[in-house]
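# Coordinates in review
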Amino acid sequence: MGFRCGIVGLPNVGKSTLFNALTATAAAEASNYPFCTIEPNIGRVAVPDDRPAAIAALTGSAAAVPAQLEFVDIAGLVRGASRGEGLGNRFLANIREVDAIAHVVRCFDSGAVHHVEGAVDPVRDIETVETELMLADLESLEGRADNARRRVTGGDKEARERLKAMEPALAALEAGRPARQAAIPAGSEKAFRDLQLLTAKPVLYIANVDEESAAAGNGHSRQVEDFAAASGAASVVIAADIEAELAQLEDAAERRAFLESLGLGEPGLDRVIRAGYDLLGLITFFSTGPKETRAWTVPRGATAYEAAGEIHSDFQRGFIRAETVSSEVFLEAGGEQAAREAGKMRSEGRDYPVRDGDIMLFRFNV
């Protein structure tokens, strides 16, 4: 199952620099002119988590495989994108394909890097992107709502259900609010998701600051934090240039020393990746054996039956039960046998809601 975060923002805010740091590659050319990213670059990154390695060390697995998240570097957006300005049409098409939005906001002053609006103003920049997405959603939804209303007058029950999701979304957009803030009636959540509205996607705001502000942020980044908090969104402060430098250091001790010299306890990218994981409502469970200990990703609320299908369709098709123990208990006990002897291993059925950190062994018969 793929989970994709699209990195968006105005041109020259540091999107590609962030992407390069995330993937530790030069796949996305970071240049000081608009639209240097044309086709979306895609990179998979490991979710920071010490548990796979710890479980593997205890069970003697030959390898530890972390959970992964996919980031997509999307072309910069400008005013008028909803009408096709700049690379607007391509931008909107690419963003429809991601599950969540990582919105990079410029929070640094620099005469060397041109700002498309002439000056740094984080809230204005956020609203520029939001407005273009809302206009695109509004145009898309108005036509569909008119069509649904005509069908409702003809007695179409499916159209009536779709309209229950459309009308609150339309009301929010017409009031200048993103669709994710619409009051969707209970029971219409799936119909709302099926609308695939750009502004229905969850958002993480990434305040990209200068090196001096990496540890504590600055006035610009605090504006982003306040805006995110007021809109019920998450935010993270990073210095993309520092993260790009850090990504080139292969020695762990050298990386730690570099972070300490800047007053940072961990890479900003770790916070971005974890925030993206949380934004998508994901949790991790583990399988372990001689060949590998692997972290698997499922949406929060997924059942044992659904988790089994993430590993192999046969596990799901022939599901009998899931022998389960939390990774915390497993590590404290000293392994599977000790956890069993302590009565900590549980036998769970197909409807068991998977918890973050569960180690699961699926029994099946096909």
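So, here is what we can say about the structure in this document.

### Details of the packing of helix H4 (residues 122-153) against helix H5 (residues 157-174)
Across the interface, H4 lies against H5 with an axial gap of 9 Å and an inter-helix angle of 145°. For H4 against H5, the interelement crossing comes out left-handed. Along its contact with H4, which presents Met 134, Asp 137, Leu 138, Leu 141, Glu 142, Arg 144, Ala 145, Ala 148, Arg 149, Arg 151 and Val 152, the element H5 presents Ala 159, Arg 160, Arg 162, Leu 163, Met 166, Glu 167, Ala 169, Leu 170, Leu 173 and Glu 174. Here the residues of the contact of H4 with H5 sort into twelve nonpolar, no polar and nine charged.

### A short note on the packing of aromatic side chains
Applying the stated rule across the entire model yields six aromatic pairs. When the centroid spacing of 6.3 Å and the interplanar angle of 85° are considered together, the rings of Phe 285 and Phe 362 count as edge-to-face. Here Phe 285, found in strand S8 (residues 282-288), pairs with Phe 362, found in strand S12 (residues 358-364); they are 77 residues apart in sequence, far enough to count as distant. The buried category is assigned to Phe 285, whose relative accessible area is 0%. Exposure remark for Phe 362: the relative accessible area of 6% places this residue in the buried category. Centroid distance Phe 315 to Phe 362: 6.3 Å. Interplanar angle 45°. Geometry classified as tilted. With Phe 315 in helix H12 (residues 313-317) and Phe 362 in strand S12, the pair connects residues that are 47 residues apart, well separated along the chain. In textbook terms, an aromatic cluster arises when at least three aromatic residues are bridged by ring pairs, as seen for Phe 285, Tyr 305, Phe 315, Phe 319, Phe 362 and Phe 364. Geometry around Trp 296 places Arg 294 over its ring, the cationic atom sitting 5.3 Å from the centre. If you follow Arg 350 out to its NZ or CZ, it ends over the ring of Tyr 305, 3.9 Å from the centre.

### Some words on the nonpolar core
Ile 7, Leu 18, Leu 22, Leu 69, Phe 71, Ile 95 and Ile 206 are the most contacted members of the largest nonpolar core, which has 67 residues in total. Considering every element that reaches this core, the biggest residue donor is helix H10 (residues 268-279), with six residues. Once residues within four sequence positions are removed from consideration, Leu 22 is found in contact with Ile 7, Val 45, Phe 71, Leu 269 and Ile 273. Counting residues in hydrophobic clusters, the runner-up holds 16 residues, among them Ala 159, Ala 169, Ala 179 and Phe 192.

### Some details on the side chain of Asp 358
Mapped onto the elements of the fold, Asp 358 is located in strand S12. Lacking a salt bridge, the buried Asp 358 has Arg 346 as its closest oppositely charged neighbour, with an N-O distance of 4.1 Å. Side-chain polar atoms of Asp 358 contact the backbone nitrogen of Arg 355, separated by 3.0 Å. Among all residues touching Asp 358, those that are not within four sequence positions of it are Thr 284, Phe 285, Phe 286, Thr 324, Val 325, Ser 326, Arg 346 and Tyr 352.

About the criteria used
Residues numbered from 1 in each chain as written. Predicted model: local features only at pLDDT ≥ 70, side-chain atom pairs only at ≥ 80, totals over all residues. Heavy atoms only, no water. Axes fitted to C-alpha atoms, helices over the stretch in contact; angles between N-to-C directions. Helix = DSSP H or I, 4+ residues; strand = E, 2+ residues; numbered from the N terminus. Left-handed = near helix turned anticlockwise from the far one by under 90°. Contact = heavy atoms within 4.5 Å. Nonpolar A, V, L, I, M, F, W, Y, C, P; charged D, E, K, R; others polar. Phe/Tyr/Trp six-rings, centres within 6.5 Å; stacked < 30°, edge-to-face > 60°. Buried < 20%, exposed > 50% of the residue type's maximum accessible area, 1.4 Å probe, protein only. Lys NZ or Arg CZ within 6 Å of the ring centre and 35° of its normal. Core = buried A, V, L, I, M, F, W, Y, C linked by side-chain atoms within 4.5 Å. Lys, Arg positive; Asp, Glu negative; His and termini not counted. Salt bridge = Lys/Arg side-chain N within 4 Å of Asp/Glu carboxyl O. Polar contact = N/O pair within 3.5 Å; in protein donor to acceptor, adjacent residues only side chain to side chain.

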